[in-house]
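Topology and contacts: notes
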Amino acid sequence: MKKERVIIENETGIHARPATEISKIAMKYPCDVFLLVNEKKINAKSPLMIMAAGIKTKTEVEILCDGEDEDKAIEELKNFIKNIS
Amino acid sequence: MLKGVGISDGIGLGKVVLLKNEEIKPEKVRIEDVELEKKILYNAIHLVEKETEELVNQLSGTEKEIIQAYLMILQDPTLVQSSIEIIKQEKCNAAYATEKGFNSIIQMFEEMDDPYMAARSRDIADMKKKVIAKILNKKEINLAQLPKDSILVTKELTTSDTAKLNLKNIAGIVTEIGGINSHMAIMARTYEIPAIVGIKQVMQLMSDNDFVAINGTTGEIFVNPSKEEYMKLERLKENLKLEKGQLEKYKSQLSVTKDGHHVEVLANIGNVKDIELVINNTAEGVRFI
């Protein structure tokens with residue numbers, strides 16, 4: 001299992017568009033992908049659940065990838081989430 | 001005169017088109033065949049997905065992205081799963097399970113303290129309505145072919161309905177439900193279509209082909225106005241046009257305060273195609289949210 005912490009820098013947090021982008025990336029990989037936010041564990045393959053988490057700017061998010069291609073998945077997600085603008 | 005809340009400026013003059021979208025409240029029916037109801041639900045969702053995909057193909061720019069995001073939410077397994085669980089646990093019909101399952105997610109969004117996210121709950125309510133309509137085999141009106149200068153009057157103009165509209169034919173929008181952050185409001189402002197929300201029982205207050213004059217700035221609506229009222233609004237419409245024309249001359253000037261402080265004026269764009277609007281309106285740059 002791989003873990004990475006990132007801080008959301010985007011002013012408006014994770015809104016509809018970035019939420020769907022994150023789940024699009026997560027769905028490309030066979031491994032399980034979760035986001036840990038405010039002690040909640042969210043399935044990152046569900047745009048609905050990411051949106052419902054209401055992730056605001058400056059929030060710390062931990063990305064968890066577990067399974068096949070976990071290295072690639074975490075790398076791509078980390079880069080995407082860091083650079084949401 | 002009726003008074004609501006103006007959410008998109010301007011004067012609209014035209015004829016009423018009532019868009020009747022009655023809310024269907026499915027009854028709970030006990031069933032034996034859980035697999036059959038699951039199949040009915042998946043089938044209905046699949047049909048709505050297919051229609052939405054067709055819509056995506058016809059759209060471009062920001063609208064296309066919005067409907068694509070809408071499609072992804074519709075395809076989110078979490079959404080269907082909530083209804084599937086209800087079919088299994090309560091041994092009930094697919095229509096009722098959709099109502100209850102989608103409602104639990106709608107509620108989750110409504111309770112969020114972020115007004116933008118709270119507004120997304122209406123998108124999910126829109127999907128729920130479409131899925132239930134498919135399960136119960138109900139037909140919908142063709143929104144792409146409304147007559148010119150239509151004032152669209154409806155309880156709520158949903159995201160997917162807004163995307164289907166031929167906006168060139170819409171002179172104004174009046175609804176009972178809707179907020180400043182709804183997709184309808186955003187599109188109305190982008191396309192400079194006057195819009196008013198918050199008119200209670202709006203469907204009972206107007207009839208098809210009533211002539212109406214609306215003021216999207218003040219929220220005023222005149223149904224079958226007198227000649228004086230009509231003339232007044234028509235003049236106002238002309239004046240707004242003139243005013244806008246006069247503002248054009250500032251477009252090319254730098255935005256500097258009296259004490260010489262330069263304030264950057266940027267545009268929020270949806271995609272590369274919007275660059276044309278940015279250049280025409282001489283914004284100094286763009287931001288992408």
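Rules used in this analysis
- Residues numbered from 1 in each chain as written.
- Chains lettered and ligands numbered in written order.
- Predicted model: local features only at pLDDT ≥ 70, side-chain atom pairs only at ≥ 80, totals over all residues.
- Heavy atoms only, no water.
- Domains from an automatic or database assignment.
- Contact = heavy atoms within 4.5 Å.
- Buried area = accessible area lost by both parts, 1.4 Å probe.
- Salt bridge = Lys/Arg side-chain N within 4 Å of Asp/Glu carboxyl O.
- Polar contact = N/O pair within 3.5 Å; in protein donor to acceptor, adjacent residues only side chain to side chain.
- Helix = DSSP H or I, 4+ residues; strand = E, 2+ residues; numbered from the N terminus.
- Core = buried A, V, L, I, M, F, W, Y, C linked by side-chain atoms within 4.5 Å.
- Buried < 20%, exposed > 50% of the residue type's maximum accessible area, 1.4 Å probe, protein only.

**Some remarks on the domain arrangement of chain B**
Residues and elements named next belong to chain B.
- Split by domain assignment, chain B resolves into domain 1 (2-20 + 142-241), domain 2 (34-135) and domain 3 (251-287).
- Taken over C-alpha atoms, the centre of domain 1 sits 28 Å from the centre of domain 2.
- Listed per partner, the contact involves 11 residues of domain 1 and 15 residues of domain 2.
- Taken together, both faces of the contact between domain 1 and domain 2 bury some 1200 Å²; the carbon and sulfur share is 55%.
- Linking domain 1 with domain 2 are 2 salt bridges, by the criterion used here.
- The residue Arg122 makes a salt bridge to Glu156 at a minimum N-O spacing of 2.8 Å.
- At the surface where domain 1 touches domain 2, the tally comes to 5 residue pairs in polar contact (both at pLDDT 80 or more).
- Going through the elements one at a time, α6 (159-164) and α7 (183-190) are the ones with two or more residues in the side of domain 1 that touches domain 2.
- When residues of the side of domain 1 that touches domain 2 are assigned to their parent elements, the largest contribution, 6 residues, is made by α6.

**Quick word on the nonpolar core**
- Core analysis: the biggest nonpolar cluster contains 58 residues, and Leu35(A), Ile50(A), Phe109(B) and Ile124(B) have the highest contact counts within it.
- Looking at this core element by element, the count peaks at 7 residues for helix α4 (residues 94-110) of chain B.
- One finds Leu152(B), Ile170(B), Ala185(B) and Ala195(B) within the second-largest nonpolar core, a separate group that totals 17 residues.

**Some points on unusual backbone geometry**
All names here are of chain B.
- Of note, the phi angle at Asn137 is positive, near 60°, even though the residue is not glycine.
- Positionally, Asn137 belongs in the loop between α5 (115-135) and β4 (150-154).
- A relative accessible area of 63% places Asn137 in the exposed class.
- Phi at Asn209 takes a positive value of approximately 70°, unusual for a residue other than glycine.
- By secondary structure assignment, the location of Asn209 is in the loop between α8 (202-205) and β7 (211-215).
- Relative accessible area serves as the criterion here: at 54%, Asn209 is assigned to the exposed category.

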